[in-house]
Structure formats: C-alpha cells, structure tokens
Amino acid sequence: MTAYTDKIRQIASKLLTEGKVDMVIGFRKGSIPMMNQPLFIKTPGEAQELIWDSHCALNLANYVTNRKEKIGIVAKGCDSRNLVTHIIENKITREQLHIIGVPCTGMVDRHKVSAMIEAEITAIEESGDSIKISGNGFSKELKKTEVLQENCAGCTHRNPVIYDELVGELVPEQSGVDPYASVREVESMSPEEKWNYFEDLISNCIRCYACRNACPLCYCPTCFVDESRPQWVGKSQDPTDVRTFHLLRAYHCAGRCSDCGACERACPMGIKVREFTKKLNKDCLELYGWEAGLTVDARPALDTFKADDPQDFIK
Amino acid sequence: MSEREPKILSFLCTWCSYGAADLAGVSRMEYPPNIRVIRIPCTGRMSPKFILAGLRQGADAVWVSG
Amino acid sequence: MKNLLEHTGIEPGRLHFSWISSAESTKFVDVVKKITEEVKALAETKKYVKTSTQG
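Conventions adopted
Residues numbered from 1 in each chain as written. Chains lettered and ligands numbered in written order. Predicted model: local features only at pLDDT ≥ 70, side-chain atom pairs only at ≥ 80, totals over all residues. Heavy atoms only, no water. Phe/Tyr/Trp six-rings, centres within 6.5 Å; stacked < 30°, edge-to-face > 60°. Helix = DSSP H or I, 4+ residues; strand = E, 2+ residues; numbered from the N terminus. Buried < 20%, exposed > 50% of the residue type's maximum accessible area, 1.4 Å probe, protein only. Contact = heavy atoms within 4.5 Å. Buried area = accessible area lost by both parts, 1.4 Å probe. Salt bridge = Lys/Arg side-chain N within 4 Å of Asp/Glu carboxyl O. Polar contact = N/O pair within 3.5 Å; in protein donor to acceptor, adjacent residues only side chain to side chain. Nonpolar A, V, L, I, M, F, W, Y, C, P; charged D, E, K, R; others polar. Pairing = 2+ DSSP bridges. Axes fitted to C-alpha atoms, helices over the stretch in contact; angles between N-to-C directions. Expected span 1.5 Å × (residues − 1).

Student: I keep staring at the packing of aromatic side chains and nothing clicks. Help me out?
Tutor: The geometry of an aromatic ring pair is captured by two quantities: the separation of the ring centres and the angle between the planes. Residues and elements named next belong to chain A. For the coordinates displayed, the defined rule picks out 10 aromatic pairs over all chains. Consider the rings of Phe40 and Tyr63, whose centres lie 5.3 Å apart with planes at 85°: the pair is edge-to-face. Taken together, the residues Phe40 in strand 2 (residues 37–41) and Tyr63 in the loop between strand 3 (50–51) and strand 4 (71–75) connect sequence positions 23 residues apart. Owing to a relative accessible area of 31%, Phe40 belongs among the partly exposed residues under this scheme.

Student: Would you mind going over the interface of chain C and chain B with me for this structure?
Tutor: For interface size, the figure often reported is the accessible area lost on association. Counting residues at the interface gives 33 residues for chain C, matched by 35 residues for chain B. Looking only at chain C, the three residues that lose the most surface to chain B are C:Phe28, C:Lys40 and C:Tyr48, adding up to 23% of its buried area. Taken together, the links from chain C to chain B amount to 1 salt bridge. Residue C:Lys40 pairs with B:Glu5 through a salt bridge whose shortest N-O separation is 3.8 Å. Our enumeration of links across chain C and chain B arrives at 9 residue pairs in polar contact (both at pLDDT 80 or more). If you list the elements that add at least two residues to the side of chain C that touches chain B, you get strand 1 (15–18) and helix 2 (25–41) of chain C. Considering every element that reaches the side of chain C that touches chain B, the biggest residue donor is helix 2 of chain C, with 11 residues. Across the side of chain C that touches chain B, the residue classes tally to 18 nonpolar, 9 polar and 6 charged.

Student: Got a minute to help me understand the interface of chain B and chain A in this structure?
Tutor: Each side of the interface is counted separately: chain B has 6 residues, and chain A has 11 residues. Carbon and sulfur atoms supply 77% of the area buried between chain B and chain A, which totals about 720 Å² over both sides. Sorting the residues of chain B by area buried against chain A places B:Lys49, B:Leu52 and B:Arg56 first, and these three jointly supply 77% of that buried surface. A:Glu227 serves as the salt-bridge partner of B:Lys49, at 3.3 Å between the closest nitrogen and oxygen. Summed over the shared surface of chain B and chain A, the number is 3 residue pairs in polar contact (both at pLDDT 80 or more).

Student: Explanation requested: the sheet that holds strand 7 (residues 130–135) of chain A in the structure shown.
Tutor: Hydrogen bonds between backbone groups are what pair the strands of a sheet, and the pairing can be parallel or antiparallel. All names here are of chain A. One open sheet holds the 3 strands; their spatial order is 6-7-8, and the pairing between them is antiparallel. In this open sheet, the two strands that pair with only one neighbour each are strand 6 (121–127) and strand 8 (138–143). The sheet shows a mean angle of 20° between the axes of neighbouring strands, direction not considered. Here 6 bridges tie strand 6 to strand 7, and the two strands are oriented antiparallel to one another. The partner of Ile124 across the bridge, within strand 7, is Ile133.

Student: Would you explain helix 10 (residues 274–288) of chain A in this entry?
Tutor: Along an α-helix, a turn takes 3.6 residues, which lines up residues three or four apart on a common side. Residues and elements named next belong to chain A. With 15 residues, helix 10 extends 20 Å from end C-alpha to end C-alpha; this agrees with the ideal 21 Å at 1.5 Å per step. The element helix 10 is extensively covered by neighbouring structure, given that 11 of its 15 residues are classed as buried. Of all the residues in helix 10, the buried ones are Arg274, Glu275, Phe276, Thr277, Lys278, Lys279, Leu280, Asn281, Lys282, Asp283 and Cys284. Count one or two residues on from helix 10 and you reach Gly289, which has phi positive near 60°.

Structure follows, in structure tokens:
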C-alpha cells in the first residue's frame with residue numbers, strides 16, 4: 001500500500017509541475033482512524049499529503065461533476081466506472097480528466113470494525129493482508145478479508161476500467177463471488193416478509209441524506225427531497241416517507257450505480273441502503289445485460305430501445 | 001355495497017389510451033367504474049414519483065397505459 | 001419500476017402497465033375489466049398509505 005502512496009505522490013507532483021492538470025483529487029489522512037478525507041491539490045508541494053490505504057472508500061468521482069478545469073483524479077475500479085458514467089452523462093469530458101488508476105483489493109468497512117471493538121480505536125495500521133487496530137490499552141490484529149466492505153467482498157471490477165496511468169500492477173479479478181446473494185435471499189420471500197424486511201431495514205433512518213451526498217450519481221440541481229411544489233416526498237420520519245425516499249433514490253441510480261458502497265459507508269446509522277440499488281443493478285444485468293460504467297461507447301440501459309427488450313410486464 | 005370497490009389510479013397517455021377511453025365512451029361500451037383517470041401528455045411524462053404518490057395517498061392500484 | 005416495488009413487499013397486481021392504441025376501445029374495456037378483477041382479489045391497501053398528517 002505504501003508503494004501506491006509513493007507512486008500517487010510522484011504522479012501527482014509530476015502532473016502539476018508539467019502543468020498537465022490544474023488540480024489533483026486524491027486522499028489525505030483523516031483526523032480520525034478509518035476516515036480518510038478527499039484532498040484537492042493545486043501545487044506540486046502539496047503532493048506529499050496524498051496517501052493510499054484501505055480506508056479510501058469515498059468515491060472521488062463525486063467531486064468532478066460540472067468542473068471546468070483539467071483534473072487529475074485518483075480512481076479505484078468503482079470510481080473509474082462512475083467517471084465513465086459522468087462522461088456518458090456529459091458531466092465532464094474525457095479530455096479534462098487524467099485518471100490515475102488504482103488496482104484495488106477492497107476497502108475496510110468501518111462499521112464492521114467498530115462493531116468488533118467496544119473501546120475507541122485511535123490508530124490503525126496495515127501491512128499486506130493484515131490490519132492492526134489499537135486504542136487505549138489494547139491492540140488487535142485482523143485479517144483484511146474479514147472486515148471488507150460487503151460491496152468489495154463481492155466486487156468483480158477491482159481494476160479501473162479507464163485510466164491514463166496505473167500506480168501498480170493490475171490485480172486479479174475475483175471469480176466465484178456472488179454480489180447478489182442477499183438480493184436472491186429477499187427475492188425468495190413472500191410479499192409480507194419482504195415488506196417487513198425492508199421496514200426493519202430502514203427503521204433507523206434519520207433522513208440525513210448522507211447516502212445521497214456521498215453518491216457520485218446524485219448531482220441534480222434540486223434534489224427531489226427538497227422539492228416542495230409539488231412535494232413528492234414528505235419531510236417527516238413517517239415510515240411511508242422514509243420508504244419513498246429510499247425507493248426514489250434507488251430509481252435515480254438505476255442503470256448508473258457502480259455499487260461503490262459510498263452510500264452505505266456514509267450512513268451514520270449503519271443501514272444497508274445498497275439493498276435497494278443492488279436489486280436494480282441485478283435487474284439491469286439480467287434484463288438488459290447492462291452493468292454501469294464499463295465503457296464510454298455504449299448508451300445506458302434506460303437510455304436506449306432495442307426491439308428485443310423484455311416487455312412481459314406490459315399487457 | 002356487498003363487494004369492495006377498489007380505486008385504481010390510471011395514468012393514460014393523451015394520444016393512445018385516453019383516445020381509446022374516449023372511443024369506448026362514444027361507442028357506449030360498458031366498463032367497471034373503478035378507474036380514476038389522470039391524462040398525461042405522453043407516457044414518457046411518467047415518473048416513479050407519480051406511482052409512489054398515488055399509492056401513498058391510498059390508491060389500491062396504479063395503472064399506467066401508453 | 002414494478003420489480004423493485006414488488007421486491008420491497010408491495011404485492012404484484014398493485015401496479016399495471018399496458019399499451020393500447022386510440023382505436024382499440026375494445027382492448028381498453030378488456031384491460032379495465034381485467035385489472036379491476038385482479039385488484040378486487042387483493043385485500044384493501046394498508047401498506048404504504050400515509051396516515052399521519054405531519055410534514
């Protein structure tokens with residue numbers, strides 16, 4: 001991982017020195033463990049602040065929407081797919097981007113780690129596949145594979161799909177993983193059970209919209225939750241309103257979501273908000289053979305019409 | 001009323017189904033009175049919001065027809 | 001649309017889609033009849049109806 005850090009710093013400072021880009025977007029160490037912050041640098045001197053480790057799970061594609069300058073951006077597999085989506089949706093041009101691709105082996109789930117330890121975690125170090133967490137009077141070693149984010153554990157696109165240069169060798173893609181296992185589980189339930197499952201899932205939601213803000217797809221000038229004339233979604237904690245919010249958020253991501261897990265990571269209540277979007281991802285794949293953000297040359301599933309599109313649902 | 005009369009919220013496209021409904025009326029055909037029609041300029045105007053808003057406000061079912 | 005609603009527990013049969021040309025008044029009548037019957041078979045809607053008046 002430190003090799004990645006060195007390489008990212010080197011590339012970033014070279015890009016800025018040569019004037020190839022106006023800004024580089026990457027990560028710097030957060031003020032608390034497991035929470036790295038996005039960093040925007042404009043001079044080569046600042047490149048020393050950039051880092052890379054297993055806590056860079058924020059999706060940096062979020063920050064390039066409608067930018068006018070040339071940007072160097074650090075991108076994992078999922079981030080690069082969101083960059084592709086941005087390019088397809090004309091939110092930025094390919095020429096504006098210099099993508100520093102990072103082959104990724106998954107990000108650590110901060111909710112999982114905090115759930116394992118009762119005390120406050122003050123430091124976290126990693127070397128290879130093991131992670132050492134320590135705090136006041138304790139330290140514990142964990143295997144990284146045990147605490148991976150769920151979307152990373154089931155990820156089949158770890159390598160960036162587009163990039164201008166790479167910071168390391170491409171990593172082997174995982175095979176034999178089933179990203180949609182939990183969706184299948186819910187699918188086998190009766191309507192009543194499904195209803196209760198989701199009722200339970202979102203019962204903790206405090207409507208903070210952190211999932212929306214963390215999502216690179218959510219860039220509408222006025223979000224539907226803020227619209228008041230007409231008001232489509234009530235602003236209360238009423239279960240109906242909460243569910244409406246989650247359903248509509250998921251529909252907005254249909255055929256665009258790269259399952260980067262930023263929403264779930266951002267959730268302060270630890271709600272598995274990906275349960276909604278994942279179902280739509282699965283449908284897109286099964287019905288239209290579409291996975292978001294794999295190529296800039298194809299139009300997304302909901303943007304095209306083919307004569308053989310499934311239409312059984314129409315009477 | 002012996003049988004429950006459900007309310008079916010119907011979004012009909014001006015050019016297609018709304019025309020068909022009009023024709024059905026002109027031809028004096030009989031059909032169940034359970035539908036509540038909202039005419040939309042085109043089915044392309046539909047949004048998931050409308051369906052959810054309908055269900056939320058107590059419609060028993062929603063029908064979208066192009 | 002239909003798939004996710006059903007996935008989250010709304011019964012199939014609460015949402016219908018159809019395609020009817022403006023000349024097909026007979027098809028229109030048929031579809032209305034069919035949908036009405038299907039919906040009558042379902043229980044009264046309780047889920048997802050907003051009962052509180054706040055917000």
